[in-house]
Amino acid sequence: MTTIIETEGLSKWYGPVLGVTDLKILVEPGITGLLGPNGAGKSTFLKLVAGQLKPSAGRVSVFGENPWTTPELFRKIGYCPEAQGLYTDLTARESLLFLLRLHGYREAEVESRTLQALEAVGLVDRADRRVETYSFGMKQRLKIALALAHDPDLLLFDEPLNGVDPLWRIRLTALFESLASRGKTLLVSSHILPEVEAMTRQILLIHQGKVFAQGEIPAIRELIDTHPHRVSLRVDRPREMAKLLLESSSLEGLQFQPQQEELLNLTVTNREKFYAFLLEVVVRHGFNVEEMVSTDDNLQSVFDYLVERKR
Amino acid sequence: MMAFLKTAVPGFTTILFRKKRTRILVALALLPWVVVSIVKIVGGLSPSLSLTAAPLFSEFVMTFFVQFFIPLLAVLAGSSLIRDEVEEKTLSSLTCRPVSKGNLFLAKFLSSALFWWAVLLTAVTVSFLIAYFGDYSLFVVTKRFLPALAAALLAYLAYSSLFSFLSTFVPKTVILGIFFIFGWESVVQYFPGSTQKLTVAHYVKSLLPPAPMANSFLLVQLEPSSKLWSLTVLLGLSLLCLLLGAFLFSRKEYNA
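The rules we used
- Residues numbered from 1 in each chain as written.
- Chains lettered and ligands numbered in written order.
- Predicted model: local features only at pLDDT ≥ 70, side-chain atom pairs only at ≥ 80, totals over all residues.
- Heavy atoms only, no water.
- Salt bridge = Lys/Arg side-chain N within 4 Å of Asp/Glu carboxyl O.
- Helix = DSSP H or I, 4+ residues; strand = E, 2+ residues; numbered from the N terminus.
- Buried < 20%, exposed > 50% of the residue type's maximum accessible area, 1.4 Å probe, protein only.
- Phe/Tyr/Trp six-rings, centres within 6.5 Å; stacked < 30°, edge-to-face > 60°.
- Lys NZ or Arg CZ within 6 Å of the ring centre and 35° of its normal.
- Contact = heavy atoms within 4.5 Å.
- Buried area = accessible area lost by both parts, 1.4 Å probe.
- Polar contact = N/O pair within 3.5 Å; in protein donor to acceptor, adjacent residues only side chain to side chain.
- Nonpolar A, V, L, I, M, F, W, Y, C, P; charged D, E, K, R; others polar.
- Pairing = 2+ DSSP bridges.
- Axes fitted to C-alpha atoms, helices over the stretch in contact; angles between N-to-C directions.

Novice: Lay out the pattern of salt bridges with the relevant residues and their values.
Specialist: Residue and element names in this part refer to chain A. For the structure on display, the rule yields 21 salt bridges over all chains. Across the pair E159 and K42 runs a salt bridge, and its minimum N-O distance is 3.8 Å. Of the two residues, E159 sits in the loop between strand 6 (154–158) and helix 5 (166–181) while K42 sits in helix 1 (residues 42–49), which places them 117 residues apart along the sequence. In this structure, E159 and K42 share a single accessibility class: buried. The network of salt bridges with shared partners includes D151, D153, R182 and K184.

Novice: For the packing of aromatic side chains, give the residues involved together with the corresponding values.
Specialist: Summed over the entire model, instances satisfying the criterion amount to 18 aromatic pairs over all chains. Their ring planes at 45° and their centres at 5.6 Å tell us that F249 of chain B and Y254 of chain B sit as a pair that is tilted. Judged by its relative accessible area of 9%, Y254 of chain B is buried. Aromatic ring contacts, followed pair by pair, group F64, F65, F68, F69 and F182 of chain B into a single cluster. Between R239 of chain A and the ring centre of F256 of chain A, over which it is positioned, the NZ or CZ distance is 4.8 Å.

Novice: Pulling in residues and values, what's your account of the interface of chain B and chain A?
Specialist: Facing 32 residues of chain B, the contacting portion of chain A comprises 30 residues. Counting each side, the surface lost to burial between chain B and chain A is near 2600 Å², with a carbon and sulfur contribution of 57%. Together, R18, R97 and P98 of chain B form the three largest contributors to the area buried by chain B at its contact with chain A, with a combined 28%. Residues K12 of chain A and E253 of chain B are paired through a salt bridge, measuring 2.5 Å at the closest nitrogen-oxygen approach. Counting every contact that joins chain B to chain A gives nine residue pairs in polar contact (both at pLDDT 80 or more). Secondary-structure elements contributing two or more residues to the side of chain B that touches chain A are helix 1 (2–18), helix 5 (91–95), helix 6 (101–131) and helix 10 (227–251) of chain B. The element contributing the most residues to the side of chain B that touches chain A is helix 1 of chain B, with eight residues. Per-class residue counts for the side of chain B that touches chain A are 11 nonpolar, 10 polar and 11 charged.

Novice: So what about the environment of V27 of chain A? Which residues, and what values?
Specialist: Residues and elements named next belong to chain A. Residue placement: V27 occurs in strand 2 (residues 17–27). Given the relative accessible area of 1%, V27 is considered buried. Sequence separation between V27 and Q84 is 57 residues; the distance between their C-alpha atoms is 26 Å. Setting aside anything within four residues of it in sequence, one finds V27 in contact with T2, T3, I4, I5, T32, T185 and L187.

Novice: Kindly report on the sheet that holds strand 6 of chain A, identifying the contributing residues and their values.
Specialist: Residue and element names in this part refer to chain A. Spatially, 5-6-7-3-8-9 is the arrangement adopted by the six strands of the open sheet, whose pairing is mixed. Both edges of this open sheet fall to strand 5 (77–80) and strand 9 (210–216), since each of them pairs with a single strand only. Here the average twist between neighbouring strands, direction ignored, is 15°. Alignment of strand 3 (residues 30–35) against strand 7 (residues 185–190), held across six bridges, turns out to be parallel. The partner of G30 across the bridge, within strand 7, is T185. Docked against the sheet, helix 1 engages strand 3, strand 5, strand 6, strand 7 and strand 8 (202–207), running at close to 150° with respect to strand 6.

Put into structure tokens, the structure is as follows:
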């Protein structure tokens, strides 16, 4: 397969603050999910690929060229930044017309591309309203339209589904998949695993500015499923429940919450197995479960766990 | 380059025109019309006040433009050229287009300059027409109006180029600009010797026609430079600042 993005020892510091360090990445056509908790370095990496930042060390090449010094490359790159950087005094149509004209297209082509982009993100009927009147989700969709209006081969999306309503999340995910099926390369960042999981199997995990893992989602999922989870359980007979739960092989730890004895803090290794066991206990002994919360079911805790395990 | 400017300039001008700040500044530029009209009406009703057109135009209108409005406008327009894009986080929308950053800088500057030149041209011309109402002789037009208009347009070019250049690397260019205009320039331009030549105002005032009144505020030019030299300095400064601005903008990274 053709390599679209290639980095070698790529590093970026903001003064003494680390952005990314020593990244060696190859990205091929299709959708690649860029996953990592907030502050992991995803946006810095995308900005480096989009030629918005100059590497402090190492190199980044896109279609074999340096994006920092090659403006012509932006005929083939579409970039949707995380920041809400839109010309809010313009309408969506004016924004698209203005930025497409910078590509040097003829007027008829500018207009047809504008219409296509507006249609793709469902903003045709609101195209002549000023962007300042848009909701957060509509602004996100406009940013996506601005990135794909010139039909680039590489699309860089930084948290594109952030603030988008559930219906449009599904539609945009389908749009990304259709772009990938047309041979485009998409690099989509997110800190939410299921969001990325819905559109691709290929992911790149970034944490503390470093590539943590690169590969297919099932392998990462396996890591996540075996990582110890914390679960809080509020029941009517906590001591009796505790005694029964100790029989579960998936239970690693159990504590009563100080001053709140009805609240049990559990550490479990295999969530699925533990929940099945818990359900059986609850049904058989007629417990009244008032509340059950998985306190660390998020990417940050998974990363923390993986980092600890790697040490 | 020309084709690019033709497509980029109208877009940047629309963005500029839609800003609230722009409309406030346009309204301020038209303020002399109102004042000159009132003065003319009052003068017409009370001939004993002996308000003649020449001092009205050179003392009030041109003092307002050259000493206050144009430097202020240039500080605001020049310093916002790049800073607005950085602070509003729109810069990446522009810099991920197949256009060199240097060309983007020049196109943005040109849009702003053309727009404000049009405003200044209108404001100065209409002020002149009101002040000199009924006396549009060739002498008045060529010796009073045209040099004043040229000085106003060149003043805007020089000041705005300087602050556009500074805005590529100074985070708070407005503060620096206000200090430069109302601190350094307002004091140093009245120093005798060559110190006054370290101000833009010195060269702008050297281009203005001699004021008709002996104790003219604008005439406090101890040693005015020649018109040709003043023109050369103002154009040279503008060109240098624009080239340096385009160069710096294309090499500096902005985390926007």
